[in-house]
Amino acid sequence: MIRWMTMAAWLASVSSMLGASTQQAHEPVVAGAARGPAPSEEDPLTRPMELGRARKWLAPLPPERIFGRSYLVGFGGLSVALIDTGAGLVLVDGALPQAAPAILDNVRKLGFDPKDIKFILSTEPHYDHSGGLAALVRDTGATVLASARGADGLRAGALEQDDPQLDYGGSWPRVTQIRVVKDGEVIKLGDTAITAHATPGHTMGSMSWSWRACEPKFCKAIVFASSLNPVSADSYRYTAPSSAAIVKGFQASYKLLDALPCDILISPHPDNAGEGRYNDKRGACRTYVQRSRGLLAARLANDRKEAGQ
Ligand SMILES: [Zn+2]
């Protein structure tokens, strides 16, 4: 359901993305929030991109507490998570470049100072989840954590040579302040331990992140899984010998996520995980894996058929 204020705020944000001339008449009204700088054509790090898709992806939502001191600070079509560790904040993903000011506004609305963000965890080197990282790093001083292959893509601000979507091209602001983390590495901050899980497939650098969020009586395992969507540019074939590592990557990721404790699943595009902003139904991660397995099997069957023609 879309309430009137939500729709009004959405329209305002879209018009502000389209240019300053329409911005004045539709200035977004966000109660209780000190707004940061608006996305701007003059700021290379927040210059709006993908306007058509951004309307849906960046549909504004208020920040929401998930469990314990874990929150969502992103949008209707792109997830951004926030963890309060008691000794600094951790953000997961950065959405599009023009999303950075709204993400930081949501952090402030929860009563936190964006300067307390110590780490930003990255799930994949694609513009829709990493486009905002450079601006977020600049505006908070945080360090981005990514896999080695993920870091390569973030530093380049472009798709890697073995990315199934390579032929789509495109680039996004390069990220400079990155620490590479290994598969299985645990990042400790305050009372929180976050584990990095390599989950290759969608990109070879994809990484998922898991942690325990606690309330006085019990804790829940939260997984911010990377995208498992087997999408590619038209010319790409998952059946080509050069794609073998990608297919193997998907299979390893399925195995890992099937076995991972997962009370609450967050996926980079929330609709890939089910209804709502996150999925806390039993077996959420296994359902997420099952969806990808089906999509990949269909792609392999299709690519096999086309190769045979
Ligand atoms: Zn992607």
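Residues numbered from 1 in each chain as written. Predicted model: local features only at pLDDT ≥ 70, side-chain atom pairs only at ≥ 80, totals over all residues.

Participant: Looking at this model, I keep getting lost on the overall build of the protein. Mind explaining?
Facilitator: Along the protein, the regular secondary structure elements total nine helices and 12 strands. Per-residue burial for the protein yields a buried fraction of 45% across its 309 residues. Partitioning the contacts of the protein with sequence separation of at least 6, the portion at a separation of at least 24 is 65%. (Helix = DSSP H or I, 4+ residues; strand = E, 2+ residues; numbered from the N terminus. Buried ≥ 20, exposed ≤ 12 C-beta atoms within 10 Å, placed from the backbone. Contact = placed C-beta atoms within 7 Å.)

Participant: Any chance you could explain the sheet that holds strand β1 (residues 64-67) here in plain terms?
Facilitator: The pairing of strands in a sheet comes from backbone hydrogen bonds and takes either a parallel or an antiparallel form. One open sheet holds the seven strands; their spatial order is β1-β2-β3-β4-β5-β6-β7, and the pairing between them is mixed. Since the sheet does not close on itself, it has two edges, and those belong to β1 and β7 (178-180), each with one partner. Geometrically, the sheet is characterised by an average inter-axis angle of 30° between neighbouring strands, direction not taken into account. As defined by bridge partners, strand β3 (residues 81-84) adjoins strand β4 (residues 89-92) across four bridges and the pair is classed as antiparallel. Bridge pairing in β4 links L82 to L91. Sheet contacts for helix α6 (residues 133-140): β4, β5 (117-121) and β6 (143-146); angle to β5, the most-contacted strand, approximately 170°. (Pairing = 2+ DSSP bridges. Axes fitted to C-alpha atoms, helices over the stretch in contact; angles between N-to-C directions.)

Participant: Which parts of the structure should I look at to understand the confidence of the model for the protein?
Facilitator: The predicted model of the protein has a mean per-residue pLDDT of 90, with 88% of residues at 70 or higher. Contacts from residues 1-35, a stretch scored under 50 in pLDDT, to residues over four places away or in other chains number 35 contacts. (pLDDT = per-residue confidence, 0-100.)

Participant: Could you clarify how one ought to interpret the nonpolar core in this entry?
Facilitator: Looking at soluble globular proteins, one finds that nonpolar side chains tend to be buried together. L91, I103, I120 and L265 are the most contacted members of the largest nonpolar core, which has 72 residues in total. Beyond its immediate stretch of four places on either side in the chain, I120 contacts L91, G94, L133, L136, V137, A142 and V144. (Core = buried A, V, L, I, M, F, W, Y, C linked by C-beta atoms within 7 Å.)

Participant: What's the story with the environment of L72 in this structure? I'm lost.
Facilitator: With respect to the helices and strands, L72 occurs in strand β2 (residues 70-72). Each C-alpha atom, one on L72 and one on L91, is 9.3 Å from the other, the two residues being 19 residues apart in sequence. Not counting residues within four places of it along the chain, the set of residues in contact with L72 comprises P63, E64, I66, S79, V80, A81, R277 and Y278.

Participant: Looking at this structure, I do not really get the sheet that holds strand β12 (residues 264-266). What am I missing?
Facilitator: Strand order in the open sheet formed by five strands is β8-β9-β10-β11-β12, with mixed pairing between adjacent strands. Sheet topology places β8 (186-189) and β12 at the edges, where each strand pairs with a single neighbour. Looking at each pair of strands side by side, their axes are set apart by 20° on average, direction ignored.

Participant: I tried to follow the packing of helix α8 (residues 244-259) against helix α9 (residues 284-308) on my own but got confused; where do I start?
Facilitator: Angle between the axes and distance between the axes: these two values describe a pair of packed helices. As a packed pair, α8 and α9 sit with axes 9 Å apart at the nearest point and diverge in direction by 160°. Taken together, the axes of α8 and α9 lie roughly antiparallel to each other. Both α8 and α9 take part in a crossing whose hand is left-handed. Contact residues: α8 offers F250, Y254, L257 and D258, while α9 offers C285, R286, Y288, V289, S292, R293 and L296. Taken together, the residues that form the contact of α8 with α9 break down as seven nonpolar, one polar and three charged. (Parallel < 35°, antiparallel > 145°, perpendicular 65-115°, else oblique. Left-handed = near helix turned anticlockwise from the far one by under 90°. Nonpolar A, V, L, I, M, F, W, Y, C, P; charged D, E, K, R; others polar.)

Participant: What exactly am I supposed to notice about the pairing of β4 here?
Facilitator: Each regular strand carries side chains that alternate between the two faces of the sheet. Side-chain alternation along β4 places L89 and L91 on one buried face and V90 and V92 on a second face that is also buried. Counted along the chain from β3 to the antiparallel partner β4, the turn is four residues long, and its residue G86 has a positive phi close to 90°. Relative to β5, β4 runs parallel, the two being bridged by four bridges. Residue pairing in the sheet places V92 in a bridge with L121 of β5.

Participant: I would appreciate a short explanation of helix α4 (residues 100-109) in the present structure.
Facilitator: Each full turn of the α-helix corresponds to 3.6 residues, which orients residues three or four apart in the same direction. Among the 10 residues in α4, seven count as buried, and that is most of the element. A100, P101, A102, I103, L104, N106 and V107 are the residues of α4 that are buried. If you follow the buried residues of α4, they end up packed against β3 and α6. Remark: G111 follows α4 within two positions and exhibits a positive phi of approximately 95°.

Participant: When you look at unusual backbone geometry in this model, what are you seeing that I'm missing?
Facilitator: Both trends apply: most residues other than glycine have a negative phi, and most peptide bonds are in trans. Phi angles above zero are rare outside glycine, and D93 is one such case at about 70°. One can find D93 in the loop between β4 and α4. Residue classification places D93 among the buried positions, given that 27 C-beta atoms sit within 10 Å. The phi dihedral of A95 falls on the positive side, at around 55°, and the residue is not glycine. In this fold, A95 is placed in the loop between β4 and α4. C-beta crowding within 10 Å serves as the criterion here: with 28 such atoms nearby, A95 is assigned to the buried category.

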